[in-house]
Amino acid sequence: MATPVPVHEPHKVKTVRPIVFPPIDERKRNLAAAHFNVFNLTPQQVSFDMVSYGCGAMSQEQLAGQLVGDEAYAGARNFETMNAVITRVLGHTYVCPTHNTLGSVKILLHAFADSGQLLPSNARGRVDLHAPRGIELRDVRDHAATVFTGNFDLDRLAAVIAERRPPFIGAQTFADGQHPVSLANLRAARELADRHGLRLVLDVSRVVENAWYIQRFEAGMGDRTISELVKLISKTAHVVMMDGAQDARANTGGFLATDNPADHERFINDIVVFEGLHTYGGMAGRTMEVIARGLTEMCDETTVQWAMQQTERFTARLREAGVPIERGCDGAYLQADRFLPQVAQHPAHALASALYQSSGVRALLQGLVGRDELLPLQIPRLAMTNRQLDQVADAVIALYRQRERVPALELEQGGDWHDQLRFGSVFADVENFSFDCEPWLIHTIESIAMTTREQRERAIREAGWNTFLLRSAEVTIDLLTDSGTTAMSTVQWAAYDAALPTPATSSAYLEFAAAVRDTYGYDFVLPTHQGRAAEQILSEVMIKPGQIVPGNMYFTTTKVHQEYAGGVFADVIVDEAHEPASEFRWKGNIDLAKLDALVQEHGAAQIAYISFELSVNMAGGQPVSMDNLREVYAYTRKHGIPVMFDATRAVENAYMIQKFDPRYASTSVKDILHEIMLYGDGATVSGKKDFLINIGGLLTFKDNAQWARKAEAKLRIYEGGVRDGGLPAADLAAMAQGLREMVDDRYIRARVEQSVRLAGWLKAAGVPVVEPTGSHAVFVDARRFLPHVDQDEYPAQRLAGEIYVETGVRPMERGNVSKGRDHDGNNYRPALELVRLTLSRRVYSDDHLRAVADGIIRLWQRRNQITGLRFVYEPKDLRFFQGRFEPITAMETHA
């Protein structure tokens, strides 16, 4: 039986490539400069480049393969690896590498064909390569076929062979990207070739998609795996060729493969003339390594099912809206002449131009002019989410509804090839389409665990019902934390790799310090290895034993460091923060009456500083209002009390102000953040959140040189140099770029609104969550979810474990276990008993989160069967990290 269609991607995002969204006026300027031929646009001018060739997301294993390239001129180990993989995956023994498909075709035709010959094929696209060589391509596809529209018409094929003996029979899997071929038809074509002493040469660049169609629609093939079918398809041919920039998801490269040693000998003799040595064929060693890994991964069953589901979903959305399309293996092929019936000449170019003008989407025409009037909308493999694809489809649909407004283009420069054409025109009178989706494409991916319920039950027992102690290899969707789990951008990685290491002052530090001053407006910049290091130094510098540290709710590590320094934490957050059902918008606010009462009772001199967290984590990611920031700062300045921000999620707080304070609706997040920081004297930052990096932190002071000097002294003995904080220059460079990316309005909106959508799905099913939805996570209210479980039986801890068992999702407890015990050894029993579902930045799609919601809803429907836990091991401090539990049985509960 075929693998069921997955409900979400079988991978998470490892790195991202930022997308630009040029405004309509800029798009018009770009289009005019490109002479209304979108081929002339650069990727930096395009929002979504709907091209599959060489634009897919690589895996992290492929990316790593780039660094193990054996750049030997002869006998490269990477060639040996690639050869072995091709033999294993495709079944052919002898491999001849080429720089890409053009190289393969050149070698193939030089070995077997002469000008003036006739070549029968089930594909038209190769006319671009054959016509200039004087070879006539004859289409012998079965045009009466309905599903396998790439099948050969065997009678026509036999007639062509009889008419003029061809050099070989050319075939493509998923011919021209639109027409799949059945295994039975390929086998029949092979038999025909054998009868006539001809070779069947098969292009397997899109073999995986073809295998999926065979698995789904060819009789007797439903129980075959994709891997089995790929080999069966490949073995029908005498020679196979492949472009590495297609199914193997490399950016270039290709090869010919055969079982005939004589053919292989001819290929490699030509390779040394036209391409390179026979063991690299015009490819770098790293490219061969990437292709080898991509070939292994391309047959992964769940990945193939997911990718094809995306394609089917995308084309269905267009078809249901009436858009005239042809099916494609990698997207939809718009029928431009039917889309724009009023445009007689070059309708595909007119359509491509109007689509870019209206939305910033590029659909690319390539090859010889006049072959057809199809405009491909191809999906870059594994690089886009369904949310993005839905919006691309909506952009096409919006244009289709106003298609009569699209004018014809005036040809100013002709040519045989699409890239040669230049046009003049007036702009289309079409409405602007705005995207509201993730402003990044997936650059590399990381596979995630697909486990059974039995495996997860064993894993949670071995972890002592503590999700912190689960192995990441056992987790499908990891919502434990957003700390250091970010998918960094390609720009960050470029900065990381380019940084020059030094134990002294690096240019990376200077860039980081400049970015901090530009973003926060503070003078003194002290990097640390992560946020808790900054908390320790701040606490030791600012707190005298016995002093009070008022704060808007505790955070675990912050409170510990304050107490280690002799401070006494005092909660001065507004009461609504402790009420999960309260819809008060600014639950992160400090209650000035509570703060004043502390000052009146103890005196201002006894207050070390105000520990002011932005987007309060333990309250549910709740923001602080700008008015409260101003009022608190005015009060503290009057009393000479410093304000120190926990600015770990300050950007998220700035976005909430932009969204919910009408006075700031038109103000950029960066400017809002800058104003927020005016109302404080210093800040600690765990850079692993807002800064979009995997490690690093910051301690910064506005203008107090004395505090900065004291902090520097501790930095030297705890962390590292004052210009690196124990971090390599590479991490400082990545943080500097992260500071620039974090204040992009589109990015932060996409990040926070994911939480809103996840909370909405849960609330619609009745699942109790903290209201209103915070910025970085959704918090399930375990007390209302499991009202029958006493708080000293740790309902949030049990619910976190149950969510993992049910779904493979790893959440975190934020309640009685996290709060700890008082001086008498009793649990604090905080008002909030929560399970945190924390969203990593740029890592998971809406499809991942929809699966999370569905699993929790299933638990909600059987919540009465869930019991509590007891400790079997309890550390003294921060017990939620290492504590271990065992379930309390239903019999014990009833007793």
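Cut-offs and rules
- Residues numbered from 1 in each chain as written.
- Predicted model: local features only at pLDDT ≥ 70, side-chain atom pairs only at ≥ 80, totals over all residues.
- Heavy atoms only, no water.
- Helix = DSSP H or I, 4+ residues; strand = E, 2+ residues; numbered from the N terminus.
- Rg over C-alpha atoms; globule rule 2.2 N^0.38 Å.
- Buried < 20%, exposed > 50% of the residue type's maximum accessible area, 1.4 Å probe, protein only.
- Salt bridge = Lys/Arg side-chain N within 4 Å of Asp/Glu carboxyl O.
- Phe/Tyr/Trp six-rings, centres within 6.5 Å; stacked < 30°, edge-to-face > 60°.
- Lys NZ or Arg CZ within 6 Å of the ring centre and 35° of its normal.
- Contact = heavy atoms within 4.5 Å.
- Pairing = 2+ DSSP bridges.
- Axes fitted to C-alpha atoms, helices over the stretch in contact; angles between N-to-C directions.
- Expected span 1.5 Å × (residues − 1).
- Core = buried A, V, L, I, M, F, W, Y, C linked by side-chain atoms within 4.5 Å.
- Patch = residues over 30% accessible without salt bridge, like charges linked within 9 Å, V, L, I, M, F, W, Y side chains within 5 Å.
- Areas by Shrake-Rupley, 256 points an atom, 1.4 Å probe, with all protein chains shown as cover.
- Parallel < 35°, antiparallel > 145°, perpendicular 65-115°, else oblique.
- Left-handed = near helix turned anticlockwise from the far one by under 90°.
- Nonpolar A, V, L, I, M, F, W, Y, C, P; charged D, E, K, R; others polar.

1. Quick look at the overall build of the protein chain
If you tally the helices and strands in the protein chain, you get 33 helices and 32 strands. Its C-alpha radius of gyration of 31 Å places the protein chain within 12% of the 29 Å reference for a compact globule of 895 residues. For the protein chain, the spread of C-alpha atoms along the three principal axes comes to 105 × 65 × 55 Å. A buried classification covers 62% of the 895 residues belonging to the protein chain.

2. Some details on unusual backbone geometry
A cis amide bond links E771 with the next residue in sequence, P772, at an omega value of -20 degrees. At L878, a position not held by glycine, the phi torsion is positive, near 45 degrees. With respect to the helices and strands, the residue L878 is situated in the loop between β31 (869-873) and α32 (879-882). Relative accessible area serves as the criterion here: at 25%, L878 is assigned to the partly exposed category.

3. Quick look at the pattern of salt bridges
Applying the stated criterion to the full structure yields 59 salt bridges. Of the charged contacts in the structure, one is a salt bridge between D390 and R313, with a shortest N-O distance of 2.7 Å. With D390 in helix α15 (residues 386-401) and R313 in helix α12 (residues 301-320), this residue pair connects regions lying 77 residues apart in the sequence. Given the relative accessible area of 33%, R313 is considered partly exposed.

4. Side note on the packing of aromatic side chains
Applying the stated criterion to the full structure yields 27 aromatic pairs. Summarising the aromatic geometry, the rings of F433 and F435 are spaced 5.1 Å apart at their centres and angled 75 degrees between planes, so their arrangement reads as edge-to-face. F435 gets classed as buried once you look at its relative accessible area, which sits at 4%. Of note, R585 hangs over the ring of F660, and the distance from its end group to the ring centre comes to 3.6 Å.

5. Comments concerning the side chain of E771
Its location among the elements puts E771 in the loop between α27 (745-764) and β27 (777-781). Filtering out sequence-adjacent residues up to four positions away, E771 remains in contact with P580, A581, S582, E583, K587, Q622 and K763.

6. Description of the environment of A344
Mapping A344 onto the fold places it in the loop between α13 (336-339) and α14 (347-359). Each C-alpha atom of the pair A344 and A408 lies 7.5 Å from the other, and the pair is 64 residues apart in sequence.

7. Some words on the sheet that holds strand β14 (residues 374-378)
Read across the open sheet, the three strands follow the order β11-β12-β14; overall the sheet is antiparallel. Because the sheet does not close on itself, it has two edges, and the strands there are β11 (325-327) and β14. The mean angle between the axes of side-by-side strands here comes to 30 degrees, regardless of whether they run parallel or antiparallel. Sheet topology note: the β11/strand β12 (residues 331-335) ladder contains three bridges and is antiparallel. Across the sheet, the residue bridging to E326 is Y333, located in β12.

8. A word on the sheet that holds strand β1 (residues 11-18)
Reading across the sheet, the four strands line up as β3-β17-β1-β19 and stay open at both edges, with mixed pairing between neighbours. Because the sheet does not close on itself, it has two edges, and the strands there are β3 (58-59) and β19 (488-489). Summarising the sheet, β1 and strand β17 (residues 440-447) pair through seven bridges and their orientation is antiparallel. Residue pairing across strands places P18 opposite W440, the latter belonging to β17.

9. Thoughts on helix α7 (residues 183-195)
For α7, with 13 residues, the first-to-last C-alpha span of 19 Å sits near the 18 Å given by 1.5 Å per residue. Turning to α7, its buried residues are L183, N185, L186, A189, L192 and A193. On its buried side, α7 packs onto α6 (154-163), β7 (169-172), β8 (200-203), α8 (207-217) and α9 (226-235).

10. Observations concerning the nonpolar core
F512, Y520, F645, F691 and L762 are the most contacted members of the largest nonpolar core, which has 108 residues in total. The biggest single contributor to this core is helix α26 (residues 729-742), with nine residues. If near-sequence neighbours (up to four positions away) are discounted, Y520 is found in contact with A647, L673, H674, M677, V685, F691, L698, L739 and M742. Listed in part, the 60 residues of the second largest apolar core include A76, L198, A257 and M298.

11. Some words on the pairing of strand β4 (residues 94-98)
The buried fraction of β4 amounts to four of the five residues, a majority that puts the element mostly inside the structure. With five bridges joining them, β4 and strand β10 (residues 254-258) adopt antiparallel strand pairing. What sits directly across from P97, in β10, is F255.

12. Things to note about the environment of L198
As for its placement among the helices and strands, L198 is situated in the loop between α7 and β8. Sequence separation of L198 and A711 is 513 residues, and the distance between their C-alpha atoms is 80 Å. Apart from residues no more than four positions distant in its own chain, L198 is found in contact with I161, R165, P166, P167, I169, A193 and H238.

13. Thoughts on the pairing of β14
Most of β14 sits inside the fold, with five of its five residues counted as buried. Neither face of β14 is open: one carries L374, P376 and Q378, the other L375 and L377, and all of them are buried.

14. Considerations on the side chain of T315
Within the secondary structure, T315 sits in helix α12. On the basis of relative accessible area, T315 is assigned to the buried category, the value being 2%. Residue contacts for T315: discarding those within four places in its chain leaves I325, G331 and A332.

15. With respect to a nonpolar patch on the surface
Side chains of V272, V273 and F274 sit close together on the surface and give an oily, nonpolar patch of about 270 Å² of accessible area. Turning to its location among the elements, F274 is positioned in helix α10 (residues 261-274). Overall, the relative accessible area of 34% leaves F274 in the partly exposed class.

16. Points about the packing of α7 against α9
Helix-helix packing is characterised by the crossing angle of the two axes and by the distance between the axes. At a closest axis distance of 9 Å, the pairing of α7 and α9 adopts a crossing angle of 25 degrees. By the angle between their directions, the pair α7 and α9 is classed as roughly parallel. When you trace α7 past α9, the crossing you get is left-handed. Where α7 abuts α9, its residues L183, L186, R187 and R190 lie against L232, I233 and K235.

17. Re the packing of α12 against α15
At their nearest, the axes of α12 and α15 sit 9 Å apart, and the two run at 25 degrees to each other. Classed by the angle they form, the pair α12 and α15 counts as roughly parallel. Between α12 and α15 lies a crossing of right-handed hand. Residue-level inspection shows W306, Q310, R313, F314, R317 and L318 of α12 in contact with α15, the latter providing N386, L389, D390, V392, A393, D394, V396 and I397. Of the residues assigned to the contact of α12 with α15, the class counts are eight nonpolar, two polar and four charged.

18. Brief notes about the environment of A189
Tracing the backbone through its elements, the reader meets A189 in helix α7. With relative accessibility at 0%, the residue A189 sits in the buried group. Expressed as a C-alpha distance, the spacing of A189 and V525, which sit 336 residues apart in the sequence, is 71 Å. Those residues in contact with A189 that sit more than four places away from it in its chain are F152, L154 and I169.

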